[in-house]
Amino acid sequence: MQPSEASIIHINVTDFAAAVTIAKNQSLSDSVFVIALEASNRSVVITPSHRAWEEGIRSGMPLRMAQRLLPSLQVLPLDSKSIAKADQAIATIVQTYSPQIQCDRNGHVYLDMHGTTRLFGPVVDSAVRIRKEIAEQLNLEASVAVASNKLVAKIGTRTTRPSGLIQVREGEEAAFLAQQDVDLLSGVGVATSRLLAVAGITQIGQIASLDDQQVLAFLGKRGLALRDAARGLDKSPLHTGLSSKRVIQRKVSFATPLLEQELLQAAVVTATEDAALSMRTESMGCSKLYIQLSYTDGKVSEATCRTKDQWAFDQELVQVAWRAAQQARNRRVRLLGFVLHLAQLSPLMKSLDLIFPEGAQNSEKLQQAVDTMRKKFGVGILTHANALPLGPSERLLPALQSPGSNFLI
Amino acid sequence: MGLLSAYSLLYSPLAATSLFERLESLGIQKIAITDRDNLYGYPVYRELAQERGISLICGALLTESGEELYAFVQNQAGYELLCKLISNRNIDPHYSYLPLLEGGCEGLVLATTSPPLLKKISNAYGAITPDSLKAVTTAKALSRPLLAIDRAFMLAEDQRETHRVLRAIALHKDVGNLSKGEFQEKGGLLLEDKAWQQAFAPWPSAIANADTLVPYDPFSSSLIFPTYPVSDATEELRDRVYKGAEKRYGEINDAIEERIEYELKIISNKGFSPYFLVMHDIVLLSSRTCGRGSGAASIVSYSLGITNVDPIAHHLYFERFLSEARMDPPDIDVDFAWDERDGVFLQVYKRFGLDHCARVANHNSFHLRSALRETARCYGLSDQQISTTLKVLYSEGLKGVEDPIWQTIVSVATKLDNLPKEISMHCGGLVITPKPVTAYAPILRSADGYPQLSWEKEGTEQAGFVKIDLLGNRSLAVIRDTLKNLKEDGIFIDERTWNPSEDIATIQALSVGNSMGVFYIESPAMRQLQKKTGRGDFEHIVIHSSLIRPAANKYINEYVQRLKGKPWEPLHPRLSYILDETYGILCYQEDVSKTAVAMADFSQADADQLRKVIAKKAGGKKLNKYRDQFFAGCRKNQVEEETIEAIWQMMLSFDGYSFCKPHSASYAMVSFQSAYLRVHHPAYFMAAVLSNQGGYYRPQAYISEARRMGLTIEGPDINCSRITYHAHQNNLIIGLMAIGRLSRGAMKRIVETRKSLGSFSSLEEASHELALDREDLVALVEAGAFDSLAPNLRRSEQLRILLTTTRVRQPYGQADLFTDEKPYTRKSVAVTQKHKTSDDELHREYAALGFLRSYHPLILWSHLLQGVVRIKACDMKEHVHRFVTLIGYQITQKQVLTKGGESMSFVSFEDETALYETVLFPQLYKRLYPLVASQWPLLVFGEVQEDQGALIIEVQNLRKLGS
């Protein structure tokens, strides 16, 4: 037998949101539930549990219809934090096997195991171990496939889901694909699937055997790419770019859910001043500011502001941060907190102007003076007036306000 | 002066009734309510003020770049100017009032708190309010007089939070996000006399000036309707009526003439002749109409063709429509074919001028549920949180809700309940005016861009407008299309002599409930009633269509029993002549009025008001007043208490919707026309029913019914189908419109290409000449539209050929693009062979059409049907009082509430042989409703019951077929 050179592993945790929910709470493992965002009239099922799927509930089905079909159906909110954590945990496990990984979200990971045989043995053995570790450490059942490229590996996991392992040896891709259902092929959506079904094309091999004219007639120009896929041709590399760029981050959680705009503004100003001070202390400036607001219903909204130049002073950053916060606040729901990032950091620019404009000089001097005071007496010693709202703010912002903040800018 | 009520939409939390109650309790004699840039509430205030003897000054608060200007109407010119100003602002939100006001404001007294506005408007007063004295200095400098204004929009400080929430709703914000100028943080309270005097004490002239404002009522005492451009409208009407009557009756006998003269006299005395002439012109704009409402009681309307039912033959009560005693304007509502109505509106606008026409408005109010949701959003709760909490709130009350914010939400939402929220458009109401509408009322622009009044039906009538209702009706289009299709096949029905209500076969069909597709009497409940009574004649159809209404359910069984011979006595001898024709049961709206007149000596006008109050479920004071009057009148006539109570209860069964006899008779005439066509030309009729959609049932139900009627179903077919369904002899040909995924453009191209080239002879020819998109070809193939061109080919092969043949204007296909040679040769032999449809093809066909071309959909589950022991629905009558199992393919279901508030359901099923009715009582329905909600065929187990000749299955259990 010719030795396999297939080195791509695809890991697929089916119905990831539901699987993570069950992993967190095993008592739900035999429950009929769905993950859905909102209990409004138009909300749809994001993911059904396996038991709900058996009862005919499908992703994308209107929630109302699902509830009508199954009155006992539990509706659970999307737990974005746990999902992100589970994604991260899977990435951590697979990183020990290969540096070449592509972490797509929602339980999809690709590994390129090329050159790891001496370390870990045959690729399929690594796949078995990875699957086992995910099951043992995270309580998640994964479908795992080994193939020579991402496309075949992905179809492989689709054939074995919700759980299982498959290896497609190099050179056997076309034969493996030929018998598979056309709906497993990426790029076959509802409309294409219908067209193929009416044309009597139900297996991937039938697409692979179409000549150019037929492909064009049946599927149009994009059909050629679909036929390549049906023949198992895929040269796409793994997208391994993990962002490791440094950011300065401040996270604020409110003691009680917050609605008042003035209080939010106070918190944003204070957090921005604090982050900006850290940034300037490292002699850095930033050209991107990101803010993410978290709401009481578990949802988040975000906004980003960018500049071609650089932001460094409180005066400009506070304005930008508040603008971003207002932009992000597109929902009428109480806030639990927010995260602020100062990103795309770069060394603080020296002004190249031979003659400094009067205003800029003054601002720089003022900022330096403020920073000196803050470093000496604490961040809260000097702040913008709108960081100190009147009224019930004290009960909401204890974590942000320094007892010694006496001076206003 | 200068009060604001909740008609300052999403601003003031002050309901008009609460405001007037407080004003009355304060002993205030004269007021001016000035809502923000509108007069929405004026008719309501006017009525409330009249009831309480308060003088009302019409006015509005005009907002100009954040500043406020009060405008008080002092005469007609002022009112017209104010209407013009408000209309301009409604049409253009950026419109500035100032240019027009700077040019003069005769008839309006203006006052402003804003110094800049005071400088700009030369004759404005300086307005001072308990919260604002900023105009004082400027007024003094400009030597302008001061005017004392309340500017109150709340009665108590606890309404402040409601005001805040209303502003948040208006601005789509939450209460925490409102900036200072967006809501009023303080002031705005209605002061008591002492506090008021104190507030304005330093400026006695301001109080004196306020006293000089004159209450002027701008509503016309005469009716607003255009004159008709003839020298003598009465004579013109008489002429048209007699000509029409000759056509209708052939010969005009004494009774007819007497009735015509009687009606013409009343119409003429009341000055309504132009109104009838205009209505006559309007109905001539459309192919066919049906008068609805009380207007059908008029022989004048009948003769003019506005209505189609003979009021003499059917004993219709003209006074329900018009009488010397009644002050309200005539109200003729006319139905047009649904697809012609918008065109009629356009022609009316064209004929009378867009400036002279306006649609009537609807005032939408908050209801507690929507108020709770809206309020909760303003307090920063997400939809999910709201839905979850509302479930707890409705079941356990506030004690079950943990978050304390809900205390505030419930408190505020309760205050929002019933406050006006927004203005929308009435479905068919229209007014026409002699001068531009803005001379009589402010207008706004409706969602479809046409002028719309500020007021609802009642306000419109109060203002003196004569309302016309032009409504859409699908059945008129069904009749029109059937007659047109018949004409194409050489069958002509002369409508002048067509009398379907006398047709024996039609009467017979209706007496056994064969009325699917027939206008107004096709619902399962109505068909069951038909079966129970065994009557299909016109008089009984009129009764039945009035009797089937929610509030009258309890009288239906009694009616059926009496009809079938149960002895009965009228509740009181005085009622016998009124209710004999309906077996002693109050059936029509006018029966309420007639009963009140007969039993309690009500005047005609009072009796009519009583009917209206009951119909509007108004309850409360008004109803109590009439109840007392009715009971007192009956007692005076020595009627026993028990009898009075029984009659009163029957009168109350007219709450909600109910009909007058003329309306029911008019609709029954359309029902008979439909039923006649169904009986004598079934294929043509069912084709029109399916084409016009919107019937009580889904297309599948009508297709099954057509099959049961013995019709042959054909198509959809590339060579035979039109866009809509049509018929030829006994064949019903499915239209291309049945193919859900086929684009409208493709449908048109198929029909047009066929028109120019003739029928297609091969797949290659069709593909080349039609040059349809891939998706359209797929949709057509799925539905079997090409089966006739290639009966031996599987549909998948048909699609391959269609897709690989070069299509005109399409770059795909195998033929050489640079030759003129066509990729087909035209065949001359017509193919008659039938396509054999595979199981897979049937499933796809069902998905494409929603029904099957040649079979009942149950064939899709035939593998599960084998071995099921069941009876056929057509044999049900042989199993009365036995427990049976049937296959149930659901057709429709109606959920109803029991007296105890529990849900139960009437479900109509069918199998391959017949349609049948079932009932699921509450306990069972609670358990089985998910099965009823799905479209999967069911095994229906239950007892066959017979109720007065109608069969129904009382369900004991349901199971999914195959489970």
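## Topic: the overall build of chain B
And then number 1: Across its full length, chain B holds 38 helices and 21 strands.
And then number 2: Relative to the 2.2 N^0.38 estimate, which gives 30 Å for 963 residues, the radius of gyration of chain B is 33 Å and therefore close to what a compact globule would have.
And then number 3: Dimensions of chain B, computed from C-alpha atoms along their principal axes, come out at roughly 100 × 85 × 70 Å.
And then number 4: Evaluated residue by residue, chain B yields a buried proportion of 47% over its 963 residues.
And then number 5: In chain B, 67% of the contacts between residues at least 6 apart in sequence involve partners at least 24 apart.

## What about the overall build of chain A?
And then number 1: Per the secondary structure count, chain A includes 16 helices and 14 strands.
And then number 2: Evaluated residue by residue, chain A yields a buried proportion of 38% over its 409 residues.

## Some remarks on the domain arrangement of chain B
And then number 1: According to the domain assignment, chain B consists of domain 1 (16–153 + 188–211), domain 2 (233–362 + 433–452 + 465–474), domain 3 (497–670), domain 4 (711–855) and domain 5 (861–960).
And then number 2: Centre-to-centre separation of domain 2 of chain B and domain 4 of chain B, based on C-alpha positions: 48 Å.

## Remarks on the pairing of strand S5 (residues 125–128) of chain B
Residues and elements named next belong to chain B.
And then number 1: Burial of the side chains of S5 extends over both faces: Tyr-125 and Ala-127 are buried on one face and Gly-126 and Ile-128 on the other.
And then number 2: Relative to S5, strand S4 (residues 108–112) runs parallel, the two being bridged by 2 bridges. Directly across from Thr-112, in S5, lies its bridge partner Gly-126.
And then number 3: Chirality of the crossover, the property in question, places the unit of S4, helix H5 (residues 115–120) and S5 among those that are right-handed.

## Details of the packing of helix H20 (residues 504–511) of chain B against helix H29 (residues 661–680) of chain B
All names here are of chain B.
And then number 1: Contact geometry for H20 and H29: axes closest at 9 Å, N-to-C directions at 100 degrees. With respect to their mutual orientation, H20 and H29 come out roughly perpendicular. Contacts between H20 and H29 involve Ala-505, Thr-506, Ala-509 and Leu-510 on the former and, on the latter, Phe-672, Ala-675, Tyr-676 and Val-679.
And then number 2: Within the contact of H20 with H29, the residues separate by chemical class into 7 nonpolar, 1 polar and no charged.

## Thoughts on the sheet that holds strand S16 (residues 731–733) of chain B
Residue and element names in this part refer to chain B.
And then number 1: Spatially, S14-S16-S15 is the arrangement adopted by the 3 strands of the open sheet, whose pairing is mixed. Two strands lie at the open edges of the sheet, namely strand S14 (712–714) and strand S15 (726–728), each paired on one side alone. Going from strand to strand, the sheet's axes swing by 30 degrees on average, the running direction of each strand aside.
And then number 2: For S15 and S16, the ladder comprises 3 bridges, and the chain directions are antiparallel. Directly across from Ala-727, in S16, lies its bridge partner Leu-732.

## A short note on the environment of Pro-662 of chain B
Residue and element names in this part refer to chain B.
And then number 1: With respect to the helices, strands and loops of the structure, Pro-662 is situated in helix H29.
And then number 2: With 29 residues separating them in the primary sequence, Pro-662 and Gly-633 have C-alpha atoms 28 Å apart.
And then number 3: Not counting chain neighbours up to four residues away, the residues in contact with Pro-662 comprise Ser-294, Gly-295, Ala-296, Ala-297, Pro-311, Leu-316, Arg-320 and Phe-321.

## What about the interface of chain A and chain B?
And then number 1: Every contact between the two is made by 29 residues of chain A and, on the other side, 35 residues of chain B.
And then number 2: Of all elements in the fold, only helix H3 (63–69), helix H9 (190–198) and helix H11 (212–219) of chain A reach the threshold of two or more residues within the side of chain A that touches chain B.
And then number 3: Grouping the constituent residues of the side of chain A that touches chain B by class yields 16 nonpolar, 6 polar and 7 charged.

## Describing helix H7 (residues 160–170) of chain B
And then number 1: Every buried residue belonging to H7 of chain B is among Thr-162, His-163, Val-165, Leu-166, Ala-168 and Ile-169 of chain B, and all of these are buried.
And then number 2: Note on H7 of chain B: the residue one or two positions beyond its end, His-172 of chain B, has a positive phi of about 55 degrees.

## A closer look at the confidence of the model for chain A
Residues and elements named next belong to chain A.
And then number 1: Summary statistics for chain A give a mean pLDDT of 83 and a share of 88% for residues scoring 70 or more.
And then number 2: pLDDT under 50 marks residues 350–358. Its contacts with residues more than four places away, or in other chains, come to 2 contacts.
And then number 3: Within the model, pLDDT remains below 50 along residues 390–409, and this stretch shows 35 contacts once partners closer than five positions in the same chain are excluded.

## Looking at the domain arrangement of chain A
All names here are of chain A.
And then number 1: Each assigned domain of chain A is listed with its residue range as follows: domain 1 (1–170), domain 2 (172–242) and domain 3 (248–349 + 358–408).
And then number 2: Each partner contributes residues to the interface: domain 1 has 17 residues there, and domain 2 has 15 residues.
And then number 3: Breaking the side of domain 1 that touches domain 2 down by element, the ones donating at least two residues are strand S5 (101–104), strand S6 (108–112) and helix H7 (150–160).
And then number 4: Residue classes in the side of domain 1 that touches domain 2 are distributed as 7 nonpolar, 5 polar and 5 charged.

## Details of the packing of helix H1 (residues 16–25) of chain B against helix H2 (residues 42–52) of chain B
All names here are of chain B.
And then number 1: Relative to each other, H1 and H2 sit at 30 degrees, their axes nearing to 10 Å. By the angle class used here, H1 and H2 are roughly parallel. Here the hand of the crossing between H1 and H2 comes out right-handed. Side by side, H1 and H2 meet where Ala-16, Thr-17, Phe-20 and Glu-24 of the first sit next to Val-44, Tyr-45, Leu-48 and Arg-52 of the second.

## Side note on the nonpolar core
And then number 1: Membership of the largest hydrophobic core comes to 379 residues, with the highest contact counts inside it found for Ile-9 of chain A together with Leu-82, Leu-110, Met-686, Leu-732 and Leu-780 of chain B.
And then number 2: In contact with Leu-732 of chain B, other than residues within four places in its own chain, are Ala-683, Met-686, Ala-687, Ala-706, Leu-711, Thr-712, Ile-713, Glu-714, Tyr-725 and Ala-727 of chain B.

## Brief notes about unusual backbone geometry
With glycine set apart, most residues show a phi of negative sign, and most peptide bonds adopt trans.
And then number 1: Residue Pro-162 of chain A follows Arg-161 of chain A across a cis peptide bond; omega there is 15 degrees.
And then number 2: When you line up the elements, Pro-162 of chain A lands in the loop between H7 and strand S8 (164–167).
And then number 3: Of note, Leu-10 of chain B is a non-glycine position whose phi angle comes to about 55 degrees, a positive value.
And then number 4: Topologically, Leu-10 of chain B is positioned in the segment before H1.

## Some remarks on the sheet that holds strand S7 (residues 143–147) of chain A
Residue and element names in this part refer to chain A.
And then number 1: Here 5 strands make up an open sheet; going across it, the order is S5-S6-S1-S7-S8 and the pairing mixed. One side of each edge strand has no neighbouring strand; the edge strands of this open sheet are S5 and S8. Strand-to-strand twist in this sheet, taken as the mean axis angle between neighbours without regard to direction, amounts to 10 degrees.
And then number 2: Taken together, the 4 bridges between S5 and S6 define a ladder with antiparallel strand orientation. Each residue of the ladder has a partner; that of Asp-104, found in S6, is His-108.
And then number 3: Across the sheet, helix H4 (residues 80–95) is in contact with strand S1 (8–12), S5 and S6; its angle to S5 comes to roughly 170 degrees.
And then number 4: This element, helix H6 (residues 123–138), spans S1, S7 and S8 of the sheet and lies at about 165 degrees to S7.

## So, helix H25 (residues 589–600) of chain B
One turn of the α-helix equals 3.6 residues, which is why residues spaced by three or four share an orientation.
Residues and elements named next belong to chain B.
And then number 1: Compared with the 16 Å implied by 1.5 Å per residue over 12 residues, the 17 Å span of H25 between its first and last C-alpha is a close match.
And then number 2: Most of H25 sits inside the fold, with 12 of its 12 residues counted as buried.
And then number 3: A positive backbone phi angle near 55 degrees is found at Asp-601, which sits one or two residues after H25.

## Some words on the environment of Ala-552 of chain B
Residues and elements named next belong to chain B.
And then number 1: Position of Ala-552 among the secondary structure elements: in the loop between helix H22 (538–547) and helix H23 (553–563).
And then number 2: Its 19 C-beta neighbours within 10 Å are what place Ala-552 among the partly exposed residues.
And then number 3: Other than its neighbours up to four places away in sequence, Ala-552 contacts Leu-547 and Ser-653.

## Focus on the confidence of the model for chain B
All names here are of chain B.
And then number 1: Here chain B averages 89 in pLDDT, and 96% of its residues register 70 or above.
And then number 2: Taken together, the stretch residues 811–818 has pLDDT below 50 and engages in 13 contacts with residues farther than four places along the chain or on a different chain.
And then number 3: Taken over the whole predicted complex, pTM reads 0.82, whereas the ipTM for its chain interfaces reads 0.71.

## Here's the deal with the environment of Ser-576 of chain B
Residues and elements named next belong to chain B.
And then number 1: Secondary-structure assignment places Ser-576 in helix H24 (residues 576–579).
And then number 2: Classification of Ser-576 as partly exposed rests on a count of 13 C-beta atoms within 10 Å.
And then number 3: Once the C-alpha coordinates of Ser-576 and Glu-263 are considered, the two residues, 313 residues apart in sequence, prove to be 27 Å apart.

What counts and how
- Residues numbered from 1 in each chain as written.
- Chains lettered and ligands numbered in written order.
- Predicted model: local features only at pLDDT ≥ 70, side-chain atom pairs only at ≥ 80, totals over all residues.
- Helix = DSSP H or I, 4+ residues; strand = E, 2+ residues; numbered from the N terminus.
- Rg over C-alpha atoms; globule rule 2.2 N^0.38 Å.
- Buried ≥ 20, exposed ≤ 12 C-beta atoms within 10 Å, placed from the backbone.
- Contact = placed C-beta atoms within 7 Å.
- Domains from an automatic or database assignment.
- Pairing = 2+ DSSP bridges.
- Right-handed = clockwise from strand over helix to strand, strands pointing away.
- Axes fitted to C-alpha atoms, helices over the stretch in contact; angles between N-to-C directions.
- Parallel < 35°, antiparallel > 145°, perpendicular 65-115°, else oblique.
- Nonpolar A, V, L, I, M, F, W, Y, C, P; charged D, E, K, R; others polar.
- pLDDT = per-residue confidence, 0-100.
- Left-handed = near helix turned anticlockwise from the far one by under 90°.
- Core = buried A, V, L, I, M, F, W, Y, C linked by C-beta atoms within 7 Å.
- Expected span 1.5 Å × (residues − 1).

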